[in-house]
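Chain by chain, the residues run as shown.
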Amino acid sequence: MSTPAGVAERLTSLVGALRAHGIRIGTGETVDAAEAVAALGLADRERLREGLAATLLHGTAQRPVFDPVFDLYFPRGVGGPEQEPTDRDDVRDRLAAALAADDRALMGRLAAEAVDGFGGYGSSPASDGWSSHQTLDRLRPQTLLARVRDNLRAQHGGSGFTDRLLEDEIRRRIEAFRGMVADQARRRVAERRGRDEIARRAVAPTADRVDFLFAGKAQLAELRRTVQPLARKLATRLAARRRRAARGTIDLRRTLRGSLSTGGVPMKPVLRRRRPVRPELVLLCDVSGSVSGFSDFTMLLVQALHDQFSKVRVFAFVNRIDEVTRLLVHGAADAEGLGARIRAEATLTGWHGSSDYGVALGEFAERYGDAVGPRTTVFVLGDARTNMSDPNLPAVRHLTERARRVYWLNPEARSQWGTGDSAAPAYAELVEMHECRSARQLGDIVGRLLPV
């Protein structure tokens, strides 16, 4: 069986859009997906969705990206602006029945019909665009809750307690319908403006690509769930690097001396053996304001990598600095409440609550100078925004003189460094500063910079 040319173009565009969102899809997986399309056909759209997801994705965490992109390239073939005007009351009646029956297929068809009938705006024959907000404002599905509840109660009966549970379930179904309407409006816009552009701009990224500084509460919670898989990947990478490093480099002098017995041919290279030594790691984390999510995630990642180092010490600061290593005891820290515990139990602020890198770095050099030695790699985590205070460059210079390596991970875009109260360019002259805006960037940077 073969895939028709038009469907093949949709499939390759789907794969391209998923790759643009960071989902790794190889040629073999794309071929498997084409075979799935040929075998499943286009009649059952949900079966096709599951078949493509099974062949293209590597885990359920990628579904929030896959599903809206799939809807763009394989839309429902229902409705269209050329239809007769839609009767609002009729759609509401059918939607109430679909919500009561929890008929997702019918709800999907009604979402498409509602967008076609109520979501178009503009003066052109094909409409200038489609709006999910306008559709929902005219249809008002939230006002159907009482009608659906009364119908279900009449069918099954129930107490006050079960009524409350029933209402919660109906609200979930209404929210699911609202999501279907949004998908349909996005699909209509994509057909007019180009699917590739909408797929690039309108689909939310996977958790590991979300910008730390703009992540919401739900996205930060999803990020915390990615810590352990990312830590396992980094630990494997570090172990492989250490195995390679343990073999040592060629000792040229001893190799040439040994080659005298073979007429100058270096038959047996002699290696300089390295004594495996686990490095020490120190983190200095700004936990103020919007950068706290970035610092919390990085601390959790280091905690998960704890076994890779002989010693790990973690310090948090706003305008005062305090050691919080005790709050990251391996396997004991609460991922959800880590930031709150640090801010509650550590002394991080003085007479004001704004970031002051100069005071915090100076206090670290004065109180915790013994934490840094010739085997220590230091990571400073923060946006380097000093609120116009003294950046205390001598303290940073002293840190670089004592440590083996010092790296600065900045969650702001490089284009923002040096704007406003940012002292990033001044710090970057003394230490190696890296833009680190997402979990994916963090994993790449930490995997590359961590010592072996």
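Note that this is a predicted model, so its numbers are computed, not measured.

### A word on the overall build of the protein chain
Here is step 1: Helix and strand counts for the protein chain stand at 19 helices and 10 strands.
Here is step 2: Taken across its 452 residues, the protein chain has 47% of its residues classed as buried.
Here is step 3: In the protein chain, of all internal contacts separated by at least 6 residues, the share reaching a separation of at least 24 is 73%.
Here is step 4: Per element, the accessible surface of the protein chain, about 22700 Å² overall, is 51% carbon and sulfur.

### Examining the pattern of salt bridges
Here is step 1: A complete count under the given rule lists 25 salt bridges for this structure.
Here is step 2: Glu113 is paired through a salt bridge with Arg94; the nearest N and O atoms lie 2.7 Å apart. Of this pair, Glu113 sits in helix 6 (residues 104-118) while Arg94 sits in helix 5 (residues 88-101), and the two are 19 residues apart along the sequence.
Here is step 3: The exposure class assigned to Glu113 is buried, which follows from its relative accessible area of 19%.
Here is step 4: Among the residues examined, Arg94 registers a relative accessible area of 28% and is labelled partly exposed.

### Looking at the packing of aromatic side chains
Here is step 1: According to the stated counting rule, one finds 12 aromatic pairs in the structure shown.
Here is step 2: Relative to Tyr357, the ring of Phe317 lies with its centre 5.2 Å away and its plane at 80 degrees, an arrangement referred to as edge-to-face. Placement of the pair is Phe317 in strand 6 (residues 311-317) and Tyr357 in helix 16 (residues 357-367), with a sequence separation of 40 residues. Just as Phe317 is buried, Tyr357 falls in that class too.
Here is step 3: Relative to Tyr427, the ring of Trp408 has its centre 4.5 Å away and its plane inclined at 25 degrees; by these criteria the two rings are stacked. Of this pair, Trp408 sits in strand 9 (residues 405-410) while Tyr427 sits in helix 18 (residues 424-428), placing them 19 residues apart in sequence. Each member of the pair, Trp408 together with Tyr427, is buried.
Here is step 4: An aromatic cluster is built from Phe317, Tyr357, Trp408 and Tyr427, whose rings are joined through pairwise contacts.

### Here we look at the nonpolar core
Soluble, globular proteins show a tendency: their nonpolar side chains are buried together.
Here is step 1: Judged by nonpolar contacts, the single largest core of 42 residues is most densely connected at Leu283, Met299, Val324 and Phe379.
Here is step 2: Secondary structure elements with two or more residues in this core: helix 12 (227-246), strand 5 (280-286), helix 14 (292-304), strand 6, helix 15 (338-345), strand 8 (376-381), strand 9 and helix 19 (439-449).
Here is step 3: Considering every element that reaches this core, the biggest residue donor is helix 14, with six residues.
Here is step 4: Beyond its immediate chain neighbours, meaning those up to four positions away, Leu283 contacts Thr298, Met299, Val302, Arg313, Val314, Phe315, Phe379 and Leu381.

### Some details on empty space enclosed by the protein
Here is step 1: Inspection of the entire model under this criterion finds three cavities of 30 Å³ or more.
Here is step 2: In this structure, the largest cavity spans a volume of roughly 60 Å³.
Here is step 3: Every residue lining the largest cavity is listed: Leu281, Leu283, Thr298, Leu301, Val302, Leu305, Phe379, Leu409, Val446 and Leu450.
Here is step 4: Only strand 5 and helix 14 provide two or more residues apiece to the lining of the largest cavity.
Here is step 5: Considering every element that reaches the lining of the largest cavity, the biggest residue donor is helix 14, with three residues.
Here is step 6: Counted by class, the lining of the largest cavity contains nine nonpolar, one polar and no charged residues.

### Overview of the confidence of the model for the protein chain
Here is step 1: Looking at the protein chain as a whole, the pLDDT averages 80, with 82% of positions reaching at least 70.
Here is step 2: Put simply, helix 10 (residues 195-202) is where the protein chain has its lowest mean pLDDT, 61, and helix 18 is where it has its highest, 95.
Here is step 3: When the criterion is pLDDT under 50, residues 123-127 qualifies, and its contacts beyond four places in sequence or with other chains add up to seven contacts.

### What to know about helix 14
Here is step 1: Taking 1.5 Å of rise per residue, the 13 residues of helix 14 would be expected to cover 18 Å, and the 18 Å separating its terminal C-alpha atoms lies within 8% of that figure.
Here is step 2: In terms of burial, helix 14 is largely enclosed, as 12 of its 13 residues are buried.
Here is step 3: Ser292, Gly293, Phe294, Ser295, Asp296, Phe297, Thr298, Met299, Leu300, Leu301, Val302 and Gln303 are the residues of helix 14 that are buried.

### Brief notes about the environment of Asp296
Here is step 1: In this structure, Asp296 sits in helix 14.
Here is step 2: Given a relative accessible area of 9%, Asp296 falls into the buried group.
Here is step 3: A C-alpha to C-alpha distance of 9.8 Å links Asp296 and Ala340, two positions 44 residues apart in sequence.
Here is step 4: Once residues within four sequence positions are removed from consideration, Asp296 is found in contact with Leu338, Gly339 and Arg343.

### Side note on the packing of helix 14 against helix 15
Here is step 1: Remark: helix 14 packs on helix 15, axes separated minimally by 9 Å, with the N-to-C direction vectors making an angle of 105 degrees. Classified by the angle their axes make, helix 14 and helix 15 are roughly perpendicular. Contact with helix 14, carried on its side by Ser292, Asp296, Met299 and Leu300, involves Leu338, Gly339, Ile342 and Arg343 of helix 15 and no other residues of that element.
Here is step 2: The class makeup of the residues in the contact of helix 14 with helix 15 is four nonpolar, two polar and two charged.

### Focus on the sheet that holds strand 6
Here is step 1: Strand order in the open sheet formed by six strands is 7-6-5-8-9-10, with mixed pairing between adjacent strands. Looking along the sheet, the strands with just one partner apiece sit at the ends: strand 7 (321-323) and strand 10 (432-435). Sheet twist, expressed as the average angle between the axes of neighbouring strands with direction ignored, equals 20 degrees.
Here is step 2: Helix 16 contacts strand 5, strand 6, strand 7 and strand 9 of the sheet and is inclined by roughly 45 degrees relative to strand 7.

### Some thoughts on the side chain of Arg92
Here is step 1: The topology assignment puts Arg92 in helix 5.
Here is step 2: At a separation of 2.7 Å, a polar atom in the side chain of Arg92 contacts the main-chain carbonyl oxygen of Leu139.
Here is step 3: Residue contacts for Arg92: discarding those within four places in its chain leaves Leu139, Arg140, Thr143, Leu144 and Arg147.

### A word on the pairing of strand 9
Here is step 1: Most of strand 9 sits inside the fold, with five of its six residues counted as buried.
Here is step 2: Taken together, the five bridges between strand 8 and strand 9 define a ladder with parallel strand orientation. Counterpart to Val378 in the pairing with strand 9 is Val406.
Here is step 3: Here strand 9 runs beside strand 10; their pairing, made up of four bridges, is parallel. Each bridged residue has a counterpart across the sheet, and for Tyr407 the counterpart in strand 10 is Glu432.

What counts and how
- Residues numbered from 1 in each chain as written.
- Predicted model: local features only at pLDDT ≥ 70, side-chain atom pairs only at ≥ 80, totals over all residues.
- Heavy atoms only, no water.
- Helix = DSSP H or I, 4+ residues; strand = E, 2+ residues; numbered from the N terminus.
- Buried < 20%, exposed > 50% of the residue type's maximum accessible area, 1.4 Å probe, protein only.
- Contact = heavy atoms within 4.5 Å.
- Areas by Shrake-Rupley, 256 points an atom, 1.4 Å probe, with all protein chains shown as cover.
- Salt bridge = Lys/Arg side-chain N within 4 Å of Asp/Glu carboxyl O.
- Phe/Tyr/Trp six-rings, centres within 6.5 Å; stacked < 30°, edge-to-face > 60°.
- Core = buried A, V, L, I, M, F, W, Y, C linked by side-chain atoms within 4.5 Å.
- 1 Å grid on protein atoms, 1.4 Å probe; cavity = no way out; pocket = protein on both sides within 12 Å on 5 of 7 lines; lining within 4 Å.
- Points joined across faces, edges and corners; volume = space filled by probe spheres on them.
- Nonpolar A, V, L, I, M, F, W, Y, C, P; charged D, E, K, R; others polar.
- pLDDT = per-residue confidence, 0-100.
- Expected span 1.5 Å × (residues − 1).
- Axes fitted to C-alpha atoms, helices over the stretch in contact; angles between N-to-C directions.
- Parallel < 35°, antiparallel > 145°, perpendicular 65-115°, else oblique.
- Pairing = 2+ DSSP bridges.
- Polar contact = N/O pair within 3.5 Å; in protein donor to acceptor, adjacent residues only side chain to side chain.

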